[in-house]
Each structure stands twice: as C-alpha cells, then as structure tokens.
Amino acid sequence: MTYTFTTDVTAEEIEKFLAALPHYNVMQSPSWEQVKPDWSSILCGVRDENGTLCGSALLLIRRLPLGFKIAYSPRGFIADYSNEELVSVFVSGLRDYCKKIRAYVLRIDPEIRIGSIYKGEKTENKTGLAQLELLKKQGFRHMGFATDFNTYTQPRFNAEYSLVAEDGHALTDEEILSGFDKKLKKFIGAYTEKRGIFFETDLSENAVEEFVRISEHTEQRQHILLRDAEYFTRMKKAFGDNLVIMFAKMDLDRFEKFLDTQPDDEQTRADRAEAKRLREEKGNIVDMSAVLFLKSRDTAYLMYSGFDDSVYPRFRTTNQIRFEAMRRFRDEGLSTFSFMGIHGDLNDTLSEFKLKFNPVVVEFAGEFEMPVRPLTYKFMAKAFPKAKKLYIGLMLKLKGKK
C-alpha cells in the first residue's frame with residue numbers, strides 16, 4: 001500500500017474519519033483547536049493510494065520566547081500503530097512539516113495502551129509495547145515511565161469504567177453500582193433523595209459561569225490552577241452538545257422537611273441554621289457540586305469537577321453525580337466513562353477516590369519527543385521545565401491574591 005502525508009485536509013473530512021472509528025480521543029477532534037487560541041494549529045493526515053484518509057492529526061504549535069516553537073499532537077496522532085509503513089509515512093511527514101515551520105521539537109502522547117490495572121492486578125499489553133518500540137524506531141525519544149501527574153503534558157495513567165458488559169449489553173443501574181465501594185454507595189439513592197438533593201444537566205450559558213464559581217472552591221481547597229470562564233465558554237462554543245455540565249443541587253424546602261423527621265439534636269439545629277443562611281444568600285435551590293464532560297464517539301471524558309464546600313460537604317454529592325452521569329451516557333449509547341488522570345502509584349487521595357468506583361486503570365505508553373532541531377532541543381530540554389514550574393507558581397500566587 002502506498003501512503004501519502006498531507007496537510008490538505010478539512011475539519012469536516014477528519015470529523016467523518018473519526019466518526020467511523022471505534023474510538024478516538026476528544027483532544028484529537030478538530031474542535032479542540034478552538035479551545036487553545038494561544039496555540040496555532042494545523043490539521044493533517046495520511047491518505048492511501050485511493051485518496052482515502054487513513055490517519056489524522058490535530059497539530060498544535062506554540063510560539064515561545066526567542067522565536068522557539070513546539071509542535072504537539074495531544075493524544076495523537078490517530079492511526080493504526082501496528083502498521084509500520086503507515087506510521088513511517090506519518091512520522092516522516094510530521095517531521096518535515098515541523099522543520100518547515102522551524103519547530104525545535106515534535107511531541108506526541110498517543111493512546112497506546114501498554115497495560116492495565118484492575119483490583120490490584122496488573123496486565124501487560126504486548127501489542128502496545130510493540131507499538132512503543134516502533135515509534136522509537138522511527139526516531140522518537142520515549143520520555144519514560146513516570147507515574148506522577150506533573151512529568152508529562154497528559155497523565156500516563158487514566159481510570160476508565162466500562163458501561164458495557166463483556167457480552168455487549170449496556171449495564172443496568174444495579175450492575176454499575178455493584179462494583180462501587182460500600183461506603184461510597186451509602187451516599188447514592190435514598191440518602192440524597194431524602195435530603196432534597198437532585199441532579200440535573202444544564203447546557204445554558206449561565207451553567208458555565210456557575211461551574212466556574214464551584215470549581216474555584218476546588219482550586220482554593222487543593223491549591224491547584226484550573227481554568228477561567230473564558231476557557232469553558234470557548235469549550236462550549238467548540239463542542240456544542242458534546243459538552244455536558246451536570247449539577248448536584250439541594251431543594252432547601254425538601255431538606256427542612258427531612259429535618260422535621262430527625263431528632264432535635266445539635267446537628268439538626270446546626271443544619272437548620274445553615275439552611276436558613278443559604279436561603280437568604282442564594283434562594284431555595286442551591287448548587288452543591290458539578291462535573292463537566294466532553295463526549296467523543298464512544299467515551300465521556302470527565303474533564304473538570306468541583307464542589308462547593310460551603311454547602312453541606314458531608315453529603316458527598318460528588319459520589320452520586322458521577323453515578324448519574326454514568327447512567328446518562330449509558331442511555332446515550334456510550335461505552336466508556338473516563339475519570340481521566342490517576343496517579344500511577346495509586347497512593348494519593350485522588351486515586352483513592354476514583355478507585356472507589358472500581359474502574360480499570362489504563363497505562364498508556366506516555367510521551368514521545370522528536371528532536372527536530374537537535375541543538376535547540378538540547379538547550380530547551382533543560383530550560384523549559386524550569387520555566388514552566390516558575391510560571392505555574394507565579395499564576396498560583398496571583399490567583400491567591402484575588
């Protein structure tokens with residue numbers, strides 16, 4: 001088979017190509033470039049001898065100080081990594097394009113699965129390991145097998161929950177819940193319903209603003225830097241109905257009726273006082289937590305989440321809101337619910353929380369870099385990580401002063 005690399009490809013053509021695949025990562029959708037205005041971008045691909053597209057890539061290009069450029073294909077490129085001839089043509093074409101635009105490095109982090117962990121048992125994926133070696137053969141530097149969140153652009157480990165059983169049927173509510181941690185399940189169902197807590201999807205413009213307000217609580221609590229309203233607004237405009245925001249809310253009238261059935265003790269009196277305060281500040285319906293998803297052909301990606309720790313945090317709506325989202329996406333015909341990044345050592349609080357849902361932890365090959373301008377690459381390999389760390393620290397300080 002003869003393959004040809006091309007940059008003469010439209011977003012519509014790539015969308016059609018991706019839609020025919022069993023799976024693709026949402027970051028390789030042409031829509032993703034609209035979310036990253038501080039990067040320029042190019043769509044490219046590989047055609048076979050009949051002109052049919054058989055591989056695609058969204059390539060983001062970042063201009064750095066002193067005229068340096070990085071070319072990065074997030075969770076790409078999209079191709080059959082077991083087809084050496086196809087991969088060779090794609091890599092050669094990408095390398096030549098990067099030379100043309102004077103990028104000093106080409107970075108990729110494709111969804112090549114080299115293993116998985118389920119209930120503590122690790123399974124190796126020999127096909128993925130062979131694909132990793134093929135990329136190294138093509139001239140890529142593999143950037144290692146670090147397990148943390150910060151070493152690479154994207155986490156190397158992701159937690160995924162299959163919404164479909166091995167025989168192909170969509171899981172029932174009971175089947176989804178069956179694997180959840182017992183303590184987690186306590187806060188799902190009757191527990192929340194009795195307390196006037198309910199869950200709903202909101203796709204309005206106001207939803208983005210409210211989501212940002214809730215996520216700011218997470219920023220302050222965890223000392224992390226998330227995104228602003230402008231970012232999420234761009235995301236909504238780019239992905240339309242494929243962006244879903246779900247909220248956990250409390251009806252204070254219903255909650256106070258529940259309190260009428262409880263003993264008149266110190267906790268009940270405190271809850272009544274808090275309900276009164278919340279009603280005066282926010283009205284009868286108050287938001288408690290929220291999650292934001294992007295959908296690809298088969299997967300719902302939990303991109304961001306947060307909860308307002310000033311509104312009854314002990315009711316743990318972050319548990320049921322994920323279950324309600326699983327039900328929604330299952331009913332839409334999606335097969336995978338992605339909790340996104342998880343620490344590969346599975347020993348931090350975030351991993352502990354995600355593992356309570358009984359996901360499979362997928363280990364990806366990780367990040368690869370192609371030095372396009374070797375001398376510049378050698379210099380930037382030392383300078384860029386330090387500059388990035390300083391930038392993030394500065395932004396966190398500025399955020400804290402607001």
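Presented here is an overview of the structure given in this document. (Residues numbered from 1 in each chain as written. Predicted model: local features only at pLDDT ≥ 70, side-chain atom pairs only at ≥ 80, totals over all residues. Heavy atoms only, no water.)

**So, unusual backbone geometry**
Across the junction of Gly76 and Phe77, the peptide omega takes the value 0°, indicating a cis bond. As for its position among the elements, Phe77 is in the loop between strand S4 (69-73) and helix H2 (84-101). Positive phi values are uncommon outside glycine, yet Met340 reaches one of about 70°. Of note, Met340 is situated in strand S14 (residues 336-341). (Helix = DSSP H or I, 4+ residues; strand = E, 2+ residues; numbered from the N terminus.)

**Describing the environment of Gln320**
Within the element layout of this structure, Gln320 appears in helix H11 (residues 317-331). With a relative accessible area of 6%, Gln320 lands in the buried category. Polar contacts involving the side chain of Gln320 include one to the side chain of Thr192, which spans 2.6 Å. (Buried < 20%, exposed > 50% of the residue type's maximum accessible area, 1.4 Å probe, protein only. Polar contact = N/O pair within 3.5 Å; in protein donor to acceptor, adjacent residues only side chain to side chain.)

**Focus on helix H9 (residues 252-259)**
Helical periodicity: at 3.6 residues per turn, an α-helix aligns residues three or four positions apart in one direction. Looking only at H9, the buried set comprises Leu252, Phe255, Phe258 and Leu259. For H9, the buried positions fall inside an angular range of 110° around the axis, keeping them on one side. The N-cap of H9, judged by a side-chain oxygen 3.0 Å from the amide nitrogen of Asp253 a few residues on, is Asp251. (Arc of directions from axis to C-beta.)

**Considerations on the pairing of strand S9 (residues 157-162)**
The element S9 is extensively covered by neighbouring structure, given that five of its six residues are classed as buried. With four bridges joining them, S9 and strand S15 (residues 360-364) adopt antiparallel strand pairing. Bridge pairing in S15 places Phe157 opposite Glu363. The pairing of S9 with S14 spans five bridges and is antiparallel. Among the inter-strand pairings, Tyr161 is bridged to a residue of S14, identified as Phe337. (Pairing = 2+ DSSP bridges.)

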